[in-house]
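A closer look at the structure
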Amino acid sequence: MYAHNLFTLNNIPTLSVGVGFGASMSESGDEQLTVHRHDVVFVNVVQYGRTLLDKAFSGFSGITELLIAVKECLGATAGLVTVNFRNRTCGGTARRVIRLNRPTMTMPRF
């Protein structure tokens with residue numbers, strides 16, 4: 001596993017940029033995916049080679065709303081996960097690597 005910098009894992013950016021739950025929302029290159037309210041989007045979530053979620057979603061007006069719904073479906077899952085999207089209506093695909101439920105640092109009580 002080679003990383004160009006601290007925010008890249010296997011050449012997939014993992015740096016959080018203002019989304020709030022650890023997703024990198026930059027749309028780049030062939031990973032652009034448009035989602036409209038009437039589209040059916042298949043979502044597959046994988047962590048450590050194990051499929052956590054394989055479900056079809058519809059009724060979302062953007063990929064940000066869809067990612068929030070996916071996060072709610074995953075509940076207490078923590079760590080890096082790969083989210084694969086496939087829009088059945090327009091045929092587009094995308095992949096995102098997001099970090100879920102970061103552990104909070106607590107100070108020990110004396």
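Let me sum up the structure you'll find in this document. (Residues numbered from 1 in each chain as written. Predicted model: local features only at pLDDT ≥ 70, side-chain atom pairs only at ≥ 80, totals over all residues. Heavy atoms only, no water.)

Now for the pairing of strand 5 (residues 79-87). Where strand 3 (residues 40-47) lies against strand 5, 6 bridges are found, and the strand directions are antiparallel. Within strand 5, the residue paired with phenylalanine 42 across the bridge is arginine 86. Hairpin connection, strand 5 to strand 6 (residues 93-100): the antiparallel pair is bridged by 5 residues, and glycine 91 has positive phi, about 85°. (Pairing = 2+ DSSP bridges. Helix = DSSP H or I, 4+ residues; strand = E, 2+ residues; numbered from the N terminus.)

Another aspect to go through is the environment of threonine 51. Residue placement: threonine 51 occurs in strand 4 (residues 50-58). As for threonine 51 and valine 81, which are separated by 30 residues in sequence, their C-alpha atoms are 9.7 Å apart. Once residues within four sequence positions are removed from consideration, threonine 51 is found in contact with Asn44, Val45 and Val46. (Contact = heavy atoms within 4.5 Å.)

Looking at chain direction, strand 5 and strand 6 are connected through 8 bridges and run antiparallel. When the bridges of strand 6 are listed, asparagine 84 appears paired with arginine 95.

Quick look at the environment of arginine 95 now. The topology assignment puts arginine 95 in strand 6. Of the residues examined, arginine 95 reaches a relative accessible area of 44% and is grouped as partly exposed. At a separation of 2.8 Å, a polar atom in the side chain of arginine 95 contacts the side chain of asparagine 84. (Buried < 20%, exposed > 50% of the residue type's maximum accessible area, 1.4 Å probe, protein only. Polar contact = N/O pair within 3.5 Å; in protein donor to acceptor, adjacent residues only side chain to side chain.)

In this structure, tyrosine 48 is a non-glycine residue whose phi angle is positive, near 55°. By the element assignment, tyrosine 48 lies in the loop between strand 3 and strand 4.

So, on to helix 1 (residues 63-74). Taking 1.5 Å per residue as the helical rise, helix 1 with its 12 residues ought to reach 16 Å, and the 16 Å between its terminal C-alpha atoms agrees with that figure. The set of residues buried in helix 1 consists of Ile63, Leu66, Leu67, Ala69, Val70 and Leu74. Along the axis of helix 1, the buried positions cluster into a sector of 160°, meaning they face one direction only. Once helix 1 finishes, glycine 75 follows within two positions and takes phi at roughly 60°, a positive value. (Expected span 1.5 Å × (residues − 1). Arc of directions from axis to C-beta.)

The next subject is the environment of aspartate 54. In this fold, aspartate 54 is placed in strand 4. With a relative accessible area of 63%, aspartate 54 lands in the exposed category. The sequence separation of aspartate 54 and valine 83 amounts to 29 residues, and the corresponding C-alpha distance is 9.9 Å. Those residues in contact with aspartate 54, other than ones at most four positions away along the chain, are Val43 and Asn44.

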